[in-house]
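Summary of structural features
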Amino acid sequence: MMYPHISIIILNWNGWRDTIECLESVYQLDYPYYDVIVVDNGSKDESIQRIKEYCEGKIKVNSRFIKYNSINKPIKIFEVKDEDARKGKFKYSLYRKYEPNRRLILIKNRENYGFSGGNNIGIKFALEVLDPDYILLLNNDTVVHRNFLKTAISIAKMNEKIGMISTKILFYDNPRIINSVGTIIFKDGSAAHLGGRELDNGQYNRIFETFAPCAAAAFYRKEMLKEIGLFDEDLFLYMEDVDLGWRARLMGWKCFYSPNSIVYHKHSVSSGKYSRFKLYYIERNRLLVLIKNYPIKYLILFPIYNLHKYIVLLLSKSCNQDISNYNQLGILPIFTTIARAWIDAIRHTPKFILKRHQIMKQKRVNSTEIDKWFRKFSKSLFEVVCK
């Protein structure tokens, strides 16, 4: 049996404890043909040294989700500077002599390029040097099930226009609760996790089409990425997977959900669950995603959709759920953070209008098809906030 080649990219930023637990689960995958690439995004802690010690067998990993025998060590590390990674400099002939679970590529970025830029360095390197059939992105604060890859690839093989695969992401601290099984889109440019905060009662134990995956654990087909490009580095952090999903959809690619590809996610470890930092980037980037990808009629009606969004969030104070919990930051900090996000979005608008022009010139779907997406891949915002 021919197995597609998969390059797994894990972005680390000052989080070596989570990263080595993720690696321990990855190296026990029941799959014969994969690469593991850790991109260290300019960490200021001892991440690189600790990852090396893990590969030497000096650090033992304890995890309630890893029930298999410990993997063989040592793991051969191939260190690559970010400037060499960008140029595709790599000793591939030596690398290929090692088994998938006995090798690791460690790309060392000089600085923090954000989620978009950091992952892009790893993706570009994989596509140019390793030539995989699929890219799998994993947040470093995830732990994957042993059969994770096989089940997803079986779905990807169903149709060559399936460019993205979403997975069942459960909360690490409470695995009976769903973090995400895909993406919900809204007319104001925002997005949410399909299944987010729902009790997992098997309601998503089937294969179905969803708008796009959550990049915490997402598969992307090589041909799709080469056609539409990678993450938008101007977004830096948050909504970059939604933007990529929009660009893929506009070019005719599809996303399907793999119910048996299970991953456990610690969620918002790096940025903080309800921080002003997170609120700023989500608010700014939803505006930029809308400017860049949405049909013109949605831009015209944006003031109405946006007012509706804020009214729903105002009414949701008593819900005590994910979006509404930003209220704990206080009204003034929320207002100033949103104002700063809008000002920055306006500053970026000319550049994103140019990006929009290129996308709209190349898109392969019409407005009627896009209208169907909002019926098929959306929900009531109030339902999402207050469920």
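Residues numbered from 1 in each chain as written. Predicted model: local features only at pLDDT ≥ 70, side-chain atom pairs only at ≥ 80, totals over all residues. Heavy atoms only, no water.

As a further point, take the overall build of the chain. Looking only at helices and strands, one finds 14 helices and 13 strands in the chain. For 387 residues, the compact-globule estimate of 2.2 N^0.38 gives 21 Å, and the C-alpha radius of gyration of the chain, at 20 Å, lies within 12% of that figure. Along the first, second and third principal axes, the C-alpha set of the chain runs to 60 × 45 × 40 Å. At a minimum sequence separation of 6, the contacts of the chain that also span at least 24 residues come to 81%. Of the roughly 17,100 Å² that the chain leaves accessible, carbon and sulfur atoms contribute 53%. Averaging the coordinates of the 60 positive side-chain charges in the chain and doing the same for the 40 negative ones gives two points 2 Å apart. (Helix = DSSP H or I, 4+ residues; strand = E, 2+ residues; numbered from the N terminus. Rg over C-alpha atoms; globule rule 2.2 N^0.38 Å. Contact = heavy atoms within 4.5 Å. Areas by Shrake-Rupley, 256 points an atom, 1.4 Å probe, with all protein chains shown as cover. Lys, Arg positive; Asp, Glu negative; His and termini not counted. Charge placed at Lys NZ, Arg CZ, Asp CG, Glu CD.)

What follows concerns the packing of aromatic side chains. Where two aromatic rings form a pair, the distance of their centres and the angle of their planes describe that pair. On inspection of all chains with the given rule, the structure shows 28 aromatic pairs. Seen in terms of ring centroids, Phe-78 and Tyr-95 are 5.4 Å apart; in terms of plane orientation they differ by 75°. Their pairing is edge-to-face. Here Phe-78, found in strand S3 (residues 76-81), pairs with Tyr-95, found in helix H4 (residues 92-95); they are 17 residues apart in sequence, far enough to count as distant. Look at Tyr-95 and you get buried, because its relative accessible area is 1%. Taking 5.7 Å as the distance between ring centres and 55° as the angle between the ring planes, the aromatic pair formed by Tyr-294 and Phe-374 counts as tilted. Pair noted here: Tyr-294 is in the loop between helix H9 (276-293) and helix H10 (296-300) and Phe-374 is in helix H13 (residues 367-376), with a separation of 80 residues, a long-range link. (Phe/Tyr/Trp six-rings, centres within 6.5 Å; stacked < 30°, edge-to-face > 60°. Buried < 20%, exposed > 50% of the residue type's maximum accessible area, 1.4 Å probe, protein only.)

On the surface, a nonpolar cluster with roughly 410 Å² of combined accessible area is contributed by Ile-296, Ile-300, Leu-301 and Ile-304. By the secondary structure assignment, Leu-301 is in the loop between H10 and helix H11 (302-315). What makes Leu-301 partly exposed here is its relative accessible area of 35%. (Patch = residues over 30% accessible without salt bridge, like charges linked within 9 Å, V, L, I, M, F, W, Y side chains within 5 Å. Salt bridge = Lys/Arg side-chain N within 4 Å of Asp/Glu carboxyl O.)

Moving on, we come to H9. Helix length check: H9, at 18 residues, gives a terminal C-alpha distance of 26 Å against a target of 26 Å (1.5 Å per residue), a fit within 8%. Most of H9 sits out of view: 15 of its 18 residues are buried. (Expected span 1.5 Å × (residues − 1).)

Our focus in this paragraph is the pairing of strand S7 (residues 162-171). Across the ten residues that make up S7, a large majority, ten, are buried. In the sheet, S7 pairs with strand S13 (residues 254-265) via nine bridges, with the strands oriented parallel. Its bridge partner being in S13, Lys-168 is matched across the sheet by Ile-262. In the sheet, S7 pairs with strand S8 (residues 178-180) via two bridges, with the strands oriented antiparallel. Counted as the bridge partner of Leu-170 is Ile-178 from S8. The antiparallel pairing of S7 with S8 creates a hairpin that spans six residues between the two strands. (Pairing = 2+ DSSP bridges.)

Take the pairing of strand S1 (residues 6-12) next. Most of S1 sits inside the fold, with seven of its seven residues counted as buried. Residues Ile-6, Ile-8, Ile-10 and Asn-12 line one face of S1 and the alternating positions Ser-7, Ile-9 and Leu-11 line the opposite face, and both faces are buried. Pairing of S1 with strand S2 (residues 34-41) involves seven bridges; the strand directions are parallel. In the sheet register, Ile-6 faces S2, and the bridge partner there is Tyr-34. Following the chain from S1 across helix H1 (residues 16-26) to the adjacent parallel S2, one finds a crossover that is right-handed. The pairing of S1 with strand S5 (residues 134-139) spans six bridges and is classified as parallel. In the sheet register, Ser-7 faces S5, and the bridge partner there is Ile-135. (Right-handed = clockwise from strand over helix to strand, strands pointing away.)

Moving on, we come to the pattern of salt bridges. For the structure on display, the rule yields 30 salt bridges. The closest approach of N and O atoms between Lys-355 and Asp-232, which form a salt bridge, is 2.8 Å. Of the two residues, Lys-355 sits in helix H12 (residues 331-362) while Asp-232 sits in the loop between helix H7 (222-228) and helix H8 (240-250), which places them 123 residues apart along the sequence. Across the salt bridge formed by Glu-283 and Arg-286, the nearest N and O atoms sit 3.0 Å from each other. Of this pair, Glu-283 and Arg-286 are both found in helix H9, three residues apart, which corresponds to roughly one turn of the helix. Residue Glu-283 shares its accessibility class with Arg-286, and that shared class is buried. Where salt bridges share partners, they join Asp-232, Asp-234, Asp-243, Arg-247, Lys-292, Lys-351 and Lys-355 into one cluster.

Mean pLDDT for the chain: 92, with 92% of residues reaching 70 or above. Segment residues 320-324 is flagged for pLDDT under 50; beyond a separation of four residues in sequence, or across chains, it makes twelve contacts in the model. (pLDDT = per-residue confidence, 0-100.)

Let's shift gears to the environment of Asp-141. You can see Asp-141 is positioned in the loop between S5 and strand S6 (142-144). With a relative accessible area of 3%, Asp-141 lands in the buried category. Once the C-alpha coordinates of Asp-141 and Ile-20 are considered, the two residues, 121 residues apart in sequence, prove to be 9.3 Å apart. Looking at Asp-141, its side chain comes within polar contact range of the side chain of His-265, at 3.2 Å. (Polar contact = N/O pair within 3.5 Å; in protein donor to acceptor, adjacent residues only side chain to side chain.)

Ile-105, Tyr-220 and Trp-246 are the most contacted members of the largest nonpolar core, which has 66 residues in total. Per-element tally for this core: the top contributor is helix H5 (residues 114-130), with eight residues. If near-sequence neighbours (up to four positions away) are discounted, Tyr-220 is found in contact with Asp-133, Tyr-134, Ile-135, Leu-137, Gly-163, Met-164, Pro-213, Ala-215, Leu-225, Phe-231, Asp-241 and Leu-244. By size, the runner-up hydrophobic cluster in this structure holds 43 residues, among which are Ile-6, Ile-77, Ile-162 and Ile-169. (Core = buried A, V, L, I, M, F, W, Y, C linked by side-chain atoms within 4.5 Å.)

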